[in-house]
Amino acid sequence: MATGRTHRPATRSRGIPEATVARLPLYLRALTALSERSVPTVSSEELAAAAGVNSAKLRKDFSYLGSYGTRGVGYDVEYLVYQISRELGLTQDWPVVIVGIGNLGAALANYGGFASRGFRVAALIDADPAMAGKPVAGIAVQHTDELEHIIESNGVSIGVIATPAGAAQQVCERLVAAGVTSILNFAPTVLTVPDGVDVRKVDLSIELQILAFHEQRKAGEESGQESGAPAPVARAAAAGSEADRKGPDGDVPAVMPA
């Protein structure tokens, strides 16, 4: 079976936009659910609704894959599953190392969806000597002293960082120096990497803060409607207030005068 070190996905060389690449896993998840229900074909409208996008965007995305469906029939589910899986590089084996086996790292190690999606957890690594040798998800944790050897011997090109923020950059640099070219970062910090290294950041606290913003806005709109002032009027008043604060060039001054 091919490994991640010797085979790379063809998405960039084929000129598929990053926004389209980001939506491919959404389509794949919806298609996999259809496949599990033995649904043979699906229309663009049905698949778009299941993936949470509009059908025009879906058809445009699939045109980059060379898949246009059949009028009156739709898309072949099994073929699309294979086509998208191949485009994402999921038809081969991707060995992954997880660094930082605290609560989050252990939860990631126990996640059963990696293997079914083309990813194999090759090693679990932690800086705590007391963790060395302890089994997590059936895999013995190894000390960070072994990191470079583990990456080289397993042909790892994807690393997952689940360490505290203070240790993340150093771990990142060691991963990159050892040959890792893609990193999934769960640490609450921004990583600095050289050109040619891809980083995807997952920050649950940021997502919650965004949801809190929307909840606050909805509560404010409801409050405005209950007090008799329509939300559009309230927004217009706020806009007028902001206009009053603008400087002569139309921008809010960076420093307000005393």
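In the block above lies the structure referred to throughout.
An account of the accompanying structure is given in this report. Quick caveat: nothing in here was measured; it's all calculated off a predicted structure. (Residues numbered from 1 in each chain as written. Predicted model: local features only at pLDDT ≥ 70, side-chain atom pairs only at ≥ 80, totals over all residues. Heavy atoms only, no water.)

Turning our eyes to something else, we now look at the packing of helix α2 (residues 44-51) against helix α3 (residues 55-64). Their axes nearest at 8 Å, the elements α2 and α3 cross at an angle of 100 degrees. In terms of orientation, α2 and α3 fall into the roughly perpendicular class. Here Ser44, Glu45, Leu47 and Ala48 of α2 lie close against α3, whose contacting residues are Ser55, Leu58, Arg59 and Phe62. Within the contact of α2 with α3, the residues separate by chemical class into 4 nonpolar, 2 polar and 2 charged. (Axes fitted to C-alpha atoms, helices over the stretch in contact; angles between N-to-C directions. Helix = DSSP H or I, 4+ residues; strand = E, 2+ residues; numbered from the N terminus. Parallel < 35°, antiparallel > 145°, perpendicular 65-115°, else oblique. Contact = heavy atoms within 4.5 Å. Nonpolar A, V, L, I, M, F, W, Y, C, P; charged D, E, K, R; others polar.)

Residues other than glycine predominantly adopt negative phi, and peptide bonds predominantly adopt the trans conformation. Phi at Ser38 is positive, roughly 60 degrees, even though this residue is not glycine. Among the structural elements, Ser38 can be located in the loop between α1 (18-36) and β1 (41-42). By relative accessible area, Ser38 is classed as exposed at 63%. Unlike most non-glycine residues, Ala137 shows phi in positive territory, near 55 degrees. Tracing the sequence through the fold places Ala137 in the loop between β5 (135-136) and β6 (139-143). (Buried < 20%, exposed > 50% of the residue type's maximum accessible area, 1.4 Å probe, protein only.)

Bringing the side chain of His143 into the picture now. Within the fold, His143 resides in strand β6. Within the local environment of His143, its side chain forms a polar contact with the backbone nitrogen of Asp145, the two atoms lying 3.0 Å apart. For His143, the residues in contact, after removing those within four places along its chain, are Ile125, Asp126, Ala127, Asp128 and Pro129. (Polar contact = N/O pair within 3.5 Å; in protein donor to acceptor, adjacent residues only side chain to side chain.)

What describes two packed helices is the angle between their axes and the distance between those same axes. In contact at an axis separation of 11 Å, α1 and α3 are set at 105 degrees when each is read in the N-to-C sense. Relative to α3, the element α1 is oriented roughly perpendicular. Judged by residue contacts, Thr20, Arg23 and Tyr27 of α1 engage Lys57, Leu58, Asp61, Phe62 and Tyr64 from α3. Looking at side-chain class alone, the contact of α1 with α3 contains 4 nonpolar, 1 polar and 3 charged residues.

Moving on, we come to helix α4 (residues 77-88). With 12 residues, α4 should reach 16 Å at 1.5 Å per residue; the first-to-last C-alpha distance of 16 Å fits that figure. Residues Val77, Leu80, Val81, Gln83, Ile84, Ser85, Glu87 and Leu88 constitute the buried set of α4. Against the buried residues of α4 lie α1, β1, α2, α3 and β2 (75-76). Among the residues of α4, the N-terminal cap falls to Asp76, whose side-chain oxygen and the backbone nitrogen of Glu78 are separated by 3.2 Å. Phi turns positive, to about 80 degrees, at Gly89, one or two residues after α4. (Expected span 1.5 Å × (residues − 1).)

The next point concerns the nonpolar core. Among the nonpolar cores identified, the biggest contains 22 residues, and Tyr27, Leu31, Val42, Leu47, Leu58, Phe62 and Ile84 are the most heavily contacted of them. Breaking this core down by element, the ones donating at least two residues are α1, α2, α3 and α4. Take this core: its biggest share by element is 7 residues, from α1. Aside from chain neighbours lying at most four places away, what touches Leu31 is Val42, Leu47, Val77, Leu80, Val81 and Ile84. Counting 20 residues, the second largest nonpolar core, distinct from the first, contains Ile150, Ile161, Leu175 and Val197. (Core = buried A, V, L, I, M, F, W, Y, C linked by side-chain atoms within 4.5 Å.)

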